[in-house]
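Residue strings, one per chain:
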Amino acid sequence: MKRTGAAIVAAALTLGLAACGGGSDASQELSDDPVTLRFTWWGSDERHKRTQQVIDIFQKAHPNITVKGEFKEWNGYWDSLATTVAANDAPDIIQMDELYLASYAERGALLDLGTATKHLNTADFDKEALATGVVDGKQYALPVGLSAYSIVVNTDLLAQYGVTAPDDSTWSWDDLKTVGAQVSKASGGKVTGVQSWGFDAGGVNIWARQAGASLYDEKGNVSIPPAVLASYWAYLADLAKTGVAPPPSVTIERASAALDQSGTATNTSAFGTWWNTQLTSLTAASGKNLKLLKLPGESQGKGKGAYYKPSMFWSVSSRSKHPAEAALFVDFLANNQDAANVLLTDRGVPANTKIRTAITGQLKETDKAAAAYLDAITVGEAPRVTPNGASNIEAILKRHTEQVLFGRATPEQAAASFIKELQSEIDAA
């Protein structure tokens, strides 16, 4: 699905964005005349309802501005957006995803929000959160919600098998392996200590950052050292080989299934790597007490692995005829308390720290825990935005993880092959 979207984005933007440079300037004054803005987003019916409520509140406060919503499911969203952008008919306000941000920004399709400070306030956003929307030194996107990589532990399973929960302020990856082995042994293999991972960019990003490296350099080239990547896969292979994680066939099957079929959700693995915001869904599926733990290795690593991952962004088209009003609407979405009371965590735990604190009392306990986790961790510098051409990274990663787990490639072979393939896709974009 993401590969198809990336191909369409690349083809359409290459054809249609040559003339997009320059464009709008959001520093101009707001108009007193009637203004119509187009606003596009993807999501469920519930998101559509909440978003329309917010639009209604905004229009009541700004009667000369009409906001027309254009909402779609994820599958058709990127096809439509690429087509409209290539035709110089893009919506004014765009819900943007990190995987495609560089593709649009580098081709001049998005407004530099740095020109919008007269109408868009970002004072209540952490600087590392804001940095997630920066491409080539310019703020092309404002993060909506934030998540961070975490370990989710089933405390009921630990109690059942008499295993002591680790101190997550000091534990290491070896400690995770040790405590996971205790669970596997105590359960007689009925429950594995750890749910294996290796299928999303979060895990490999964390591993690289703790090693003092990065997945990409500032120019957008693959920069993770082969030895670091090989050690990542060697660790995962060892978990499976020693029975701390499930056999490869089970791991692969679960990786391709829905969240409710995971080892965490089915109470067949005690520890698992997840984004913190998935806690509510996992708890509902498992029916057990689950807890968020900080990442192993943070106190031993050469660098901070933890970082903010935006659930999505707000961007403004560089071709908008009403950039000031578009920026004003983004400001309303990001900073207005009435809007926040409607949206809550529909688009993730709010990136705006003031809003996050204000809505906490209205949240479920698991959502409160997810919000508290963001406040409890220490993050490093934001990773470089996924380069143009690299949006297919997780499909490439999944294939190489499978090769290692099934013994069809050594960690060293997989590392060399992965780096070469991902770099080739970036070079070809």
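The following paragraphs examine the structure supplied in this document. (Residues numbered from 1 in each chain as written. Predicted model: local features only at pLDDT ≥ 70, side-chain atom pairs only at ≥ 80, totals over all residues. Heavy atoms only, no water.)

Some thoughts on the sheet that holds strand 11 (residues 309–316)
Spatially, 2-1-3-11-6-12 is the arrangement adopted by the 6 strands of the open sheet, whose pairing is mixed. The sheet is open, and its two edges are formed by strand 2 (65–72) and strand 12 (349–350), each paired on a single side. In this sheet, strand 11 lies alongside strand 3 (residues 93–96) in antiparallel orientation, the contact comprising 4 bridges. When the sheet's bridge partners are listed, glutamine 95 is paired in strand 11 with tryptophan 314. (Pairing = 2+ DSSP bridges. Helix = DSSP H or I, 4+ residues; strand = E, 2+ residues; numbered from the N terminus.)

A few points about the packing of aromatic side chains
All told, the structure shown has 25 aromatic pairs when counted by the stated rule. Ring centres of phenylalanine 58 and phenylalanine 329 lie 4.9 Å apart, and the angle between their planes is 70°; this geometry places the pair in the edge-to-face category. Residue phenylalanine 58 is found in helix 2 (residues 45–61), and its partner phenylalanine 329 is found in helix 12 (residues 323–335); the two are separated by 271 residues along the sequence. Considering the side-chain rings of tryptophan 275 and tyrosine 307, the 6.2 Å spacing of their centres and the 80° angle between planes classify their relative orientation as edge-to-face. Of the two residues, tryptophan 275 is situated in strand 9 (residues 269–275) and tyrosine 307 in the loop between strand 10 (290–293) and strand 11; the sequence distance between them amounts to 32 residues. Like tyrosine 307, tryptophan 275 is buried. (Phe/Tyr/Trp six-rings, centres within 6.5 Å; stacked < 30°, edge-to-face > 60°. Buried < 20%, exposed > 50% of the residue type's maximum accessible area, 1.4 Å probe, protein only.)

Digging into the sheet that holds strand 10
The strand order across the open sheet built from 4 strands is 8-9-7-10, with neighbouring strands paired in mixed fashion. Two strands bound the open sheet, and with one partner strand each, they are strand 8 (192–195) and strand 10. Direction aside, neighbouring strands of the sheet carry axes that sit 25° apart on average. With 5 bridges connecting them, strand 7 (residues 149–154) and strand 9 associate as antiparallel partners. The partner of isoleucine 151 across the bridge, within strand 9, is threonine 273. Together, strand 7 and strand 10 form the strand contacts of helix 15 (residues 365–376), whose direction differs from that of strand 10 by roughly 10°. (Axes fitted to C-alpha atoms, helices over the stretch in contact; angles between N-to-C directions. Contact = heavy atoms within 4.5 Å.)

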